[in-house]
Amino acid sequence: MKLTWSQRIGILLFSAFVLVAIFGPMLTSNSPFSIDGERLLPPSMKYLLGTNAIGQDIFSQLVYGARTTLYIGLMVTVISTFLSASFGLLAGYSKRLDPLLNGFANMLLVLPSLLLILIVASFTGGGTWQLILTLGFLTWPGYMKLIRSSVLSLKEREFVKAAQLYNGGTIYILRRHLLPFVWPLVRTKFILSFRSAVAMEASLSFLGIGNPSTVSWGKMLQDAFSRTQTFVTDAWQWMIVPPGLAILFVTIALALVGESRMTGNRFAASLKRKESRVITVKAAEQEVGCESPCIEGEDLGCHLGAGSQLSAAIVVSDLSITYGDKPIIHPISFEVKQGSITSLVGESGSGKTTMARTLYGLVPHEAVTGNVLINGHPIYSNNEPCAMQRWVDAAYIFQDPRNSFNPIMTIGRQFYEAMRLQATKEHKQTAAIAALAEVQLEPHVLSLYPHQLSGGMLSRALIALSLVNKPKVLIADEPTGALDPIVKREVFDLLVSKVKEHHMTLLLITHDIPAALHISDEIIVLQDGFQVVGDLKERYVSRGKQLNQLKHQLA
Ligand SMILES: Nc1ncnc2c1ncn2[C@@H]1O[C@H](COP(=O)(O)OP(=O)(O)OP(=O)(O)O)[C@@H](O)[C@H]1O
């Protein structure tokens, strides 16, 4: 990351204070507590900043005070930032923990924080660690709420759903997929916390709450303000100004460090990127060296397919979907034959995407009634391993290739992640390069970030990702929807040719009826959540045929 000038100045200034805190005692031979000078002496060679009202050396107090102030600031910041980040991530990600953590944060937020800190600090005594714990435990909720709301929206994005589907654990997803996005917030919180902890420590010491056996800048100020001599003589110039300026400069230094371009630009840019990503997995044993079966439905005793169902890659029976009390898909039943291409067409809002997502188990169970089998394995099963079988049997391509990948991970890393079973890195690399070659992409694409690829290249990379683990079924939701007509045609043809070459079953969701008619063995038409059959379907399809003819004539 490139630092701005203001950040460099801030870092330099802050480093100077840290150096003083670490090596400062070497700069002075006077003890900050010993009373060996006369009272209120002006600055001299012996007492560089004079003496205070009881004859202690102000310079050595300032130097030793830097240690206390920065130490308390650092500890408070570490505790507060850690709590903000971990509670924010957990509350945003886990529906179960959210009410508890968010409720607790709300409670702390509505209470007047300064008053709360004063009360707790005065009850817990004036020790350094009491102060650190009080400030650390009472100052996390604000940024926790910010991180939580970012995670709430991030977790709905498709690359997070993909990670969940290939069995990524909660900690893995939080660390690998969500933390990098909220990291700029965490960093900003760290810097702001440090700044406010320094100011807060000074204020509390100034109010007399703090460790009486240590020296800090706040205590120096409190000491100065409590003596009348400070103001009736020139002593204020060396009793108040040095610690006051020290607090001011540390605060300014941290404010300059915190003025991060990353916080603005990259975070906003990364959040702007929306959905979509291929969800795929089956470790292709021959290519990635997965010797034992990765997940075998038969072994799990969850293969429900029998008789005619074995010839069907997808079986949908009496499936209906309701969000709240709004029915989206009315009871529908159909089968998609093994090795066939079936298109799901319909007007905008007819329920195509909802249907496709339901087939892949991406819709909450409570919204679904009826059954879906992919390769004989139930998608909505209480038996978790059976339900997870879908990521072995099938791959899913979401809309919009531009935003299909996690924007802050290389393409290669996202390929390897989808294959992260027993395979070694070399095997994964070989398999990924082979899959890219199938779609005419060079191996170096693996080292690129999604924004470094064109829309067409990204679409090809997505198809490669869907092929890399050799699924039997591919569900593609408008895979070319965001491309221009020429690239769209190329990518469409590539997808269909690869599906045929690998004897896969394709369920294609599309608006493009002529294209659907051209490639499909079967068409399913949806209208307002109902399956259109009989004459109506004929009419719908013949309209598509007419459009096709018109297109040929125009061509
Ligand atoms: N999570 C949701 N909560 C409530 N309603 C939803 C949700 N998702 C979709 N819907 C509703 O379901 C209906 C079907 O939406 P869907 O996205 O499946 O349509 P579609 O046919 O794929 O449309 P398009 O072709 O424009 O993408 C719409 O009325 C939409 O408002």
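Per an unreviewed UniProt entry, the protein chain carries the name Peptide ABC transporter ATP-binding protein and comes from Paenibacillus nasutitermitis. You can read under Sequence similarities (unreviewed entry) in the UniProt record for the protein chain the words "Belongs to the binding-protein-dependent transport system permease family."

Draft legend 1. Region of interest: the overall build of the protein chain. When helices and strands are tallied, the protein chain shows 24 helices and 10 strands. Counting the 555 residues in the protein chain, one finds 43% classified as buried.

Draft legend 2. Layout of the sheet that holds strand β1 (residues 312-323). Strands sit in the order β2-β1-β4-β5 across an open sheet of four strands; the sheet is antiparallel. In this open sheet, the two edge strands, each paired with only one partner strand, are β2 (326-337) and β5 (377-378). Bridge analysis of strand β4 (residues 368-374) against β5 gives two bridges, and the strand direction is antiparallel. Bridge pairing in β5 places I374 opposite H377. Strands β1, β2 and β4 of the sheet are contacted by helix α16 (residues 352-359), whose axis makes an angle of about 120 degrees with β1.

Draft legend 3. Region of interest: the confidence of the model for the protein chain. Confidence in the prediction of the protein chain, expressed as mean pLDDT, is 80, and 84% of residues score 70 or more. Low pLDDT, under 50, characterises residues 261-300; the predicted model gives this stretch 106 contacts beyond four residues in sequence or across chains. Within the model, pLDDT remains below 50 along residues 305-309, and this stretch shows seven contacts once partners closer than five positions in the same chain are excluded. In the predicted complex, the global pTM is 0.60; the interface-specific ipTM is 0.94.

Draft legend 4. View of the site of the ligand. Residues in close proximity to the ligand include Y323, I328, G346, S348, G349, S350, G351, K352, T353, T354 and H511, which together make up its full environment. For the shell around the ligand, the leading source of residues is α16, giving three residues. Broken down by class, the residue content of the shell around the ligand amounts to two nonpolar, eight polar and one charged.

Draft legend 5. Summary view of the environment of P243. Inspection of the secondary structure assignment puts P243 in helix α12 (residues 241-258). Residue P243 is classed as buried on the basis of its 29 C-beta neighbours within 10 Å.

Draft legend 6. Structural view of the packing of helix α2 (residues 58-93) against α12. Interaxial distance between α2 and α12 falls to 10 Å at its minimum, and their mutual angle equals 25 degrees. Classified by the angle their axes make, α2 and α12 are roughly parallel. Like other packed secondary-structure pairs, α2 and α12 cross with a definite hand, here right-handed. Along its contact with α2, which presents I58, L62, G65 and A66, the element α12 presents P242, P243 and A246. Split by residue class, the contact of α2 with α12 holds six nonpolar, one polar and no charged.

Draft legend 7. Representation of the nonpolar core in the model. Membership of the largest hydrophobic core comes to 77 residues, with the highest contact counts inside it found for I314, A464, V468, L474 and I475. A total of eight residues in this core trace back to one element, the largest contributor, which is helix α21 (residues 455-467). Split by domain, the residues of this core number at least three in each of domain 1 (67-259) and domain 2 (285-554). In contact with I475, not counting residues within four places along its chain, are A356, L359, Y360, A394, Y396 and L507. The next biggest cluster of nonpolar side chains, apart from the first, holds 43 residues, and it includes I58, L131, F194 and F206.

Draft legend 8. Broad picture of the pairing of β2. Note that β1 and β2 share eight bridges and pair antiparallel. From the neighbouring strand, V316 faces β2, where its bridge partner is F334. The hairpin formed by β1 and β2 contains two residues between the paired strands, and G324 there has a positive phi angle of roughly 60 degrees.

Draft legend 9. Highlighting the environment of L344. One can find L344 in strand β3 (residues 341-346). Each C-alpha atom, one on L344 and one on A356, is 8.7 Å from the other, the two residues being 12 residues apart in sequence. If near-sequence neighbours (up to four positions away) are discounted, L344 is found in contact with K352, M355, A356, L507, L508, I509, I524 and L526.

Draft legend 10. Spatial organisation of unusual backbone geometry. The residue D318 is not glycine, and still its phi comes out positive at about 50 degrees. On the secondary structure map, D318 appears in strand β1. Look at E478: it is not a glycine, yet its phi comes out positive at around 45 degrees. Along the chain, the position of E478 falls in the loop between β7 (473-477) and α22 (485-501).

Calculation rules
Each chain carries its own residue numbering, running from 1 in the direction its sequence is written. Two thresholds apply to this predicted model, a pLDDT of at least 70 for residue-level local features and 80 or more for giving and counting side-chain atom pairs, whereas whole-chain, interface and lining totals are computed over all residues. UniProt positions are given in the numbering used here, feature names are shortened, and annotations may be inferred rather than shown by experiment. Counting from the N terminus, the helices are the DSSP runs of H or I reaching at least four residues and the strands are the DSSP runs of E reaching at least two. Partly exposed residues are those whose C-beta has more than 12 but fewer than 20 other C-beta atoms within 10 Å; 20 or more makes a residue buried and 12 or fewer makes it exposed, with C-beta atoms placed from the backbone. Whether two strands pair comes down to DSSP finding at least two bridges between them. A pair of residues counts as a contact when their C-beta atoms, built from backbone coordinates, are separated by no more than 7 Å. Every angle, taken between N-to-C directions, lies between 0 and 180 degrees, and every axis is a line fitted to C-alpha atoms, over only the stretch in contact when it is a helix. A residue's pLDDT is the predictor's confidence in that residue, given on a scale from 0 to 100. The criterion for a residue being near a molecule or strand is simple: its C-beta atom, placed using the backbone, must lie within 6 Å of it. In this classification, the charged set is Asp, Glu, Lys and Arg, the nonpolar set is Ala, Val, Leu, Ile, Met, Phe, Trp, Tyr, Cys and Pro, and all remaining amino acids, among them Gly, are polar. Geometric relationships in this document are graded by angle, where less than 35 degrees denotes roughly parallel, more than 145 denotes roughly antiparallel, 65 to 115 denotes roughly perpendicular, and other angles denote oblique. In this scheme the crossing of two helices becomes right-handed for a clockwise turn of the near helix relative to the far one and left-handed for an anticlockwise turn of less than a right angle. For the purposes of this analysis, a nonpolar core is taken to be any set of buried Ala, Val, Leu, Ile, Met, Phe, Trp, Tyr and Cys residues that are connected through C-beta atoms within 7 Å. Either an automatic procedure or a domain database provided the assignment from which the domain bounds are taken.

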